[in-house]
Amino acid sequence: MKDLKLDISKAFGFVSENDYKSLQATALEKNAALYDKTLPGNDFLGWADVKNIISAQELSEIEQKAAELRQKIEILVVIGIGGSYLGAKAVIDALSNSFAQMNIQKGKPLVIFAGQNIGEDYIYELMAAIENREYALCVISKSGTTTEPAIAFRLLKAQIEKKYGKAEAANRIVAITDKSRGALRKLADSEGYKTFVIGDSVGGRFSVLTPVGLFPIAVAGFDIKQLLAGATKVEEMSAKGKSFEENVPAHYAVVRNLLYRKNFGTEILVNFHPKLHYFSEWWKQLYGESEGKEGKGIFPASVDFTSDLHSMGQFIQEGTRGLYETVISIAQPDNKVEIPSDAQNLDQLNYLAGKRVDEVNKQAELGTKLAHLDGGVPQIRIEIPQLNEYYLGQLIYFFEKACGISGYILGVNPFNQPGVEAYKKNMFALLNKPGFEEESKKIQERLK
Ligand code: PA5
């Protein structure tokens, strides 16, 4: 089987090959630290060892519960935010038919998401949309106390209990949370929900290959073992003791740090396939939360090409410099569509007749790469042979491993997120949450 390919040749010229060579030993040291647990954040490295990330027993329970629900539901509502939603959303969108929502049926449930925002219209419209459908809920929160999913779950729990009665509702609710701590654990135990555990050693944004991602992905009908097999392959390439040459995630970690040192402070993840939109959202959280701290970090942005060539393309070509692109390319699409010939040729497209749509897409990709290089935008390219579970598993682990190495090269703890608390403190103070009385007083003074 082929593997993911990384091409960093178009970053050279912007960074030197000597600098690249001189950072290789450091990258291997940082990679070893992910196994030896010698650097900050060492309590959160459970994701690195894919083979032990989940037991065979737990995997089979996930598949069993997913199969049971698939038989009886048309919709699964996954309730979670940040790392408790983006991984599942990324994989499910990447693997699903783009128009799956037009063909909702039992046996092939549509997975939708709640609790990833506090939009009143969003939750109202979601509740109205599922009211007359067969559905189930999967509530995911590692801490068990996050406000956004807690509000959504309170609303959806009341709705599902009203529709099916408490006992059947409990059969249709799965909770994924800490093994013993947090409000969600308490609630799930007291209501008798089926639960899966998020281990202490895996942070939210690194949790897609745990029950957090695997359960919703299995309900959507995808092969979670293949996802893990793909991840395992990249772990093997980048295991402790592997040479720098073999360790492909380390190449990416090194080159992006060198670009950063040359004032390329924004990385744009580019795709030419709309199904990867949420993969980029997952990637942005992974890198944004892991590296953006202590006044440091590359700002992770994303675009969907060619759509965004008609919006952001101008800026990338000619706007403020300091951007580089990492392009995810898929060698083979799943389907074949040829552009037909037209006798009248009024649209003047006959020069494309007989070509596959993907051939045009690939030339758009190449043309964009050359244009952006000319505009001073370094290029990194990652190619996967096909968009399937195995190669998505490779991509996921590739980015996770590179993120750990890259964050350590940058000199930050890639596994904490202290900055996320600031807005929460203010929100709780503004909402008069018990325990925030002092903060409430202070914030009201500040607003006078
Ligand atoms: O990566 C992270 O740790 C965060 O994005 C969390 O996943 C997010 O804040 C949700 O947290 P929880 O799962 O505790 O509800």
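1. Some remarks on the overall build of the chain
For step 1, the next point in the chain: Looking only at helices and strands, the chain has 17 helices and 10 strands in total.
For step 2, the next point in the chain: Taken along its principal axes, the extent of the C-alpha atoms in the chain is 60 × 60 × 55 Å.
For step 3, the next point in the chain: Counted over contacts in the chain with a minimum sequence separation of 6, partners at least 24 positions apart contribute 79%.
For step 4, the next point in the chain: By element, 52% of the accessible surface of the chain is carried by carbon and sulfur atoms, the whole surface being about 20,600 Å².

2. Quick word on the sheet that holds strand S3 (residues 110–114)
For step 1, the next point in the chain: What the five strands build is an open sheet, ordered S3-S2-S4-S5-S6; its pairing is parallel. Because the sheet does not close on itself, it has two edges, and the strands there are S3 and strand S6 (194–197). The mean angle between the axes of side-by-side strands here comes to 20°, regardless of whether they run parallel or antiparallel.
For step 2, the next point in the chain: Each of strand S4 (135–141), strand S5 (173–177) and S6 touches helix H3 (residues 56–72); the most contacted strand, S6, lies at about 145° to it.

3. Description of the sheet that holds strand S8 (residues 299–304)
For step 1, the next point in the chain: What the five strands build is an open sheet, ordered S1-S10-S9-S7-S8; its pairing is mixed. With one partner strand each, in any of the chains shown, strand S1 (5–7) and S8 form the two edges of the open sheet. Averaged over all adjacent pairs, the angle separating strand axes in this sheet is 20°, with direction ignored.
For step 2, the next point in the chain: Two strands pair when backbone bridges link them, and strand S7 (residues 266–271) and S8 are joined in this way by six bridges, in the parallel orientation. When the bridges of S8 are listed, Ile268 appears paired with Ala301.

4. Points about the packing of aromatic side chains
What describes a pair of aromatic rings is the distance from one ring centre to the other and the angle between the planes of the rings.
For step 1, the next point in the chain: If you walk through the whole model with that rule in mind, you get 24 aromatic pairs.
For step 2, the next point in the chain: Cluster of aromatic residues (ring-pair linked, three or more members): Tyr252, Phe279, Trp282, Trp283, Tyr287, Phe398 and Phe399.
For step 3, the next point in the chain: A cation over an aromatic ring shows up here: Lys89 above the ring of Tyr278, its NZ or CZ 4.7 Å from the ring centre.
For step 4, the next point in the chain: The aromatic ring of Tyr164 is capped on one face by Arg172, whose charged end is 3.8 Å from the ring centroid.

5. Thoughts on the pattern of salt bridges
For step 1, the next point in the chain: Here the structure, examined in full by the defined rule, presents 30 salt bridges.
For step 2, the next point in the chain: The partner of Glu383 in a salt bridge is Lys5, with the nearest N and O atoms 3.8 Å apart. Pair noted here: Glu383 is in strand S10 (residues 379–386) and Lys5 is in strand S1, with a separation of 378 residues, a long-range link.
For step 3, the next point in the chain: Between Glu134 and Arg172 there is a salt bridge; the shortest N-O distance is 3.1 Å. Within this pair, whereas Glu134 is found in the loop between helix H5 (120–130) and S4, its partner Arg172 is found in the loop between helix H7 (166–171) and S5, the two being separated by 38 residues in sequence.
For step 4, the next point in the chain: Linked through salt bridges whose partners overlap, the residues forming this network are Lys5, Glu365, Arg381 and Glu383.

6. Observations regarding the environment of Asn257
For step 1, the next point in the chain: With respect to the helices, strands and loops of the structure, Asn257 is situated in helix H11 (residues 248–261).
For step 2, the next point in the chain: Through-space distance from the C-alpha of Asn257 to that of Ile409 is 7.3 Å; in sequence the pair is 152 residues apart.

7. A word on the environment of Ala11
For step 1, the next point in the chain: By the secondary structure assignment, Ala11 is in the loop between S1 and helix H1 (17–22).
For step 2, the next point in the chain: With a relative accessible area of 0%, Ala11 lands in the buried category.
For step 3, the next point in the chain: Sequence-wise, Ala11 and Glu63 are 52 residues apart; in three dimensions their C-alpha atoms are separated by 42 Å.

8. A look at the site of the ligand
For step 1, the next point in the chain: In the vicinity of the ligand lie 13 residues, with Ser84, Ser141, Ser143, Thr146 and Gln285 positioned nearest.
For step 2, the next point in the chain: Here Ser143 contributes a side-chain N or O atom positioned 2.7 Å from an oxygen atom of the ligand.
For step 3, the next point in the chain: Within the side chain of Thr146, one N or O atom sits 2.5 Å away from an oxygen atom of the ligand.
For step 4, the next point in the chain: When the free accessible area of the ligand is taken as 380 Å², the share hidden by the protein chains comes to 88%.

9. Quick notes on helix H16 (residues 421–430)
The periodicity of an α-helix, 3.6 residues per turn, causes residues three or four places apart in sequence to face the same way.
For step 1, the next point in the chain: Restricting attention to buried positions, one finds in H16 the residues Met427, Phe428 and Ala429.
For step 2, the next point in the chain: The elements touched by buried residues of H16 are helix H6 (147–164) and helix H17 (437–447).
For step 3, the next point in the chain: Asn432 occupies a position one or two residues after H16 and carries a positive phi of about 55°.

10. Brief notes about unusual backbone geometry
For step 1, the next point in the chain: For the peptide bond that leads from Phe305 to Thr306, omega is 10°, which places it in the cis range.
For step 2, the next point in the chain: Topologically, Thr306 is positioned in the loop between S8 and helix H13 (313–318).
For step 3, the next point in the chain: You will see that Lys37, though not glycine, has its phi angle at about 60°, which is positive.
For step 4, the next point in the chain: Residue classification places Lys37 among the partly exposed positions, given a relative accessible area of 43%.
For step 5, the next point in the chain: Even without being glycine, Glu294 reaches a positive phi, approximately 55°.
For step 6, the next point in the chain: Within the secondary structure, Glu294 sits in the loop between helix H12 (277–291) and S8.

Thresholds applied
Residues numbered from 1 in each chain as written. Predicted model: local features only at pLDDT ≥ 70, side-chain atom pairs only at ≥ 80, totals over all residues. Heavy atoms only, no water. Helix = DSSP H or I, 4+ residues; strand = E, 2+ residues; numbered from the N terminus. Contact = heavy atoms within 4.5 Å. Areas by Shrake-Rupley, 256 points an atom, 1.4 Å probe, with all protein chains shown as cover. Pairing = 2+ DSSP bridges. Axes fitted to C-alpha atoms, helices over the stretch in contact; angles between N-to-C directions. Phe/Tyr/Trp six-rings, centres within 6.5 Å; stacked < 30°, edge-to-face > 60°. Lys NZ or Arg CZ within 6 Å of the ring centre and 35° of its normal. Salt bridge = Lys/Arg side-chain N within 4 Å of Asp/Glu carboxyl O. Buried < 20%, exposed > 50% of the residue type's maximum accessible area, 1.4 Å probe, protein only. Near = heavy atom within 4 Å. Polar contact = N/O pair within 3.5 Å; in protein donor to acceptor, adjacent residues only side chain to side chain.

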